[in-house]
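Architecture at a glance
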Amino acid sequence: MPDVPEDPADALAAVVALRRLADQLEDAAVEQAMRAGWSWPQVAEALGITRQAVHKKHAKRLIAAGVTLRRRT
Amino acid sequence: MSAIDHYLDAVIRQGEAEARHDGSAAIEAHHLLLGLAAQQDSAPGAVLAAAGLDRAAIRAALDREFEHSLSTVGVSPAAFALPSPTPDPDRRIGLGASARLALERGFFHAPRKRDLRPAHLLLGILEAELGTVPRALTLAGVNREELAERAKEAASTADW
């Protein structure tokens, strides 16, 4: 692992890029899980957030993508 | 709506499409830059194209900045080989802080709204000394200050 960047601009830009990567990864990983038949509560628990939050953020997108969603039980 | 309103609207809508493409929660300054580059018949499009910065070149520069910034903390985006997520066609995407600041800086150059020209918007984006846009331009070997000068000239001479 490299050391923490010496230039504050690099360190701050890394924060921005990591947030962006995490957002992209969340979208991709939630989609992958739901395509594999996971339920909202399972995905929510795995992410450590409420199922309302994960549903609100991803449901419309996945319905539009034609993913068959399990009922919110 | 006046011509500049229509132009602004087109740039922001294109910026929103770019943000959605990225899965971004907000339209940021670099999305507005892509939006300006997409308006090829306008002064900003011409200034950017003269510097070799069409939409594809700006996208490539932004991708490089993303990878470079991640590499400074030892992360490679290629290490996460999940399939691309489906974008949300309805997700509401508002203007982020960097985009607001860029627009404010652009508006600042026009004493009255009717004096506002497309090139002022490019100037507002190029005046940022910190953040994704200046980093991407530096990595692409573009002199941001010279480009801002070109934008300033375009704003004072060419109408659109």
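Structure: above.
Each chain has its residues counted from 1, following the order in which its sequence is written. Note on labels: chains are lettered from A, ligands numbered from 1, in written order. Under the rules for a predicted model, residues below a pLDDT of 70 receive no local features and side-chain atom pairs below 80 are neither given nor counted, while totals for whole chains, interfaces and linings still include all residues. Side-chain figures throughout are based on the complete set of non-hydrogen atoms in the structure, without hydrogens or water.

Focus on empty space enclosed by the protein
Residues and elements named next belong to chain B. Using the following cut-off: Site definitions follow a grid-based scheme: protein atoms alone, a 1 Å grid, a 1.4 Å probe that fits but cannot get out for cavities, and for pockets an open set with protein on both sides within 12 Å along at least five of seven lines, plus lining residues having an atom within 4 Å of a point. Grid points are joined across faces, edges and corners, and a volume is the space filled by probe spheres set on the points. Labels follow the DSSP assignment, with helices taken as runs of H or I lasting at least four residues and strands as runs of E lasting at least two, numbered in each case from the N terminus. Under the convention adopted here, Pro, Cys and the residues Ala, Val, Leu, Ile, Met, Phe, Trp and Tyr are nonpolar, Asp, Glu, Lys and Arg are charged, and Gly plus all remaining residues are polar.
If you walk through the whole model with that rule in mind, you get one cavity of 30 Å³ or more. The computed volume of the largest cavity comes to approximately 30 Å³. If you go around the largest cavity, the residues you meet are Leu33, Leu53, Ile58, Ala61, Leu62, Val133, Ala136 and Leu137. If you list the elements that add at least two residues to the lining of the largest cavity, you get α4 (55-71) and α7 (132-139). For the lining of the largest cavity, the class distribution of residues is eight nonpolar, no polar and no charged.

Here's the deal with the interface of chain B and chain A
Accessible area lost upon the coming together of the parts serves often as the stated size of an interface. Selection criterion: Whether two residues are in contact is decided by their heavy atoms, any of which lying within 4.5 Å being enough. Note on definitions: buried area is the accessible-area loss of two parts on being combined, 1.4 Å probe, summed for both. Salt bridges are defined as contacts in which a side-chain nitrogen from Lys or Arg sits within 4 Å of a carboxyl oxygen from Asp or Glu. Polar contact is the term for a pair of N or O atoms within 3.5 Å; when the atoms are in protein, one must be able to donate a hydrogen and the other to accept it, and sequence-neighboring residues count only if both atoms are side-chain atoms.
Between chain B and chain A, the contact holds 25 residues from the first and 27 residues from the second. Ranking the residues of chain B by area buried against chain A places B:Phe66, B:Leu82 and B:Thr86 at the top, with a combined share of 25%. One can count one salt bridge joining chain B with chain A. In this structure, B:Arg135 and A:Asp10 form a salt bridge, with 3.0 Å as the shortest nitrogen-oxygen distance. At the junction of chain B with chain A, the criterion picks out four residue pairs in polar contact (both at pLDDT 80 or more). Of all elements in the fold, only α4 and α7 of chain B reach the threshold of two or more residues within the side of chain B that touches chain A. Broken down by element, the side of chain B that touches chain A gets its largest block of residues, six residues, from α4(B). Grouping the constituent residues of the side of chain B that touches chain A by class yields eleven nonpolar, eight polar and six charged.

It is worth stressing that arrangement in space is one thing and function is another; only the former is reported here.
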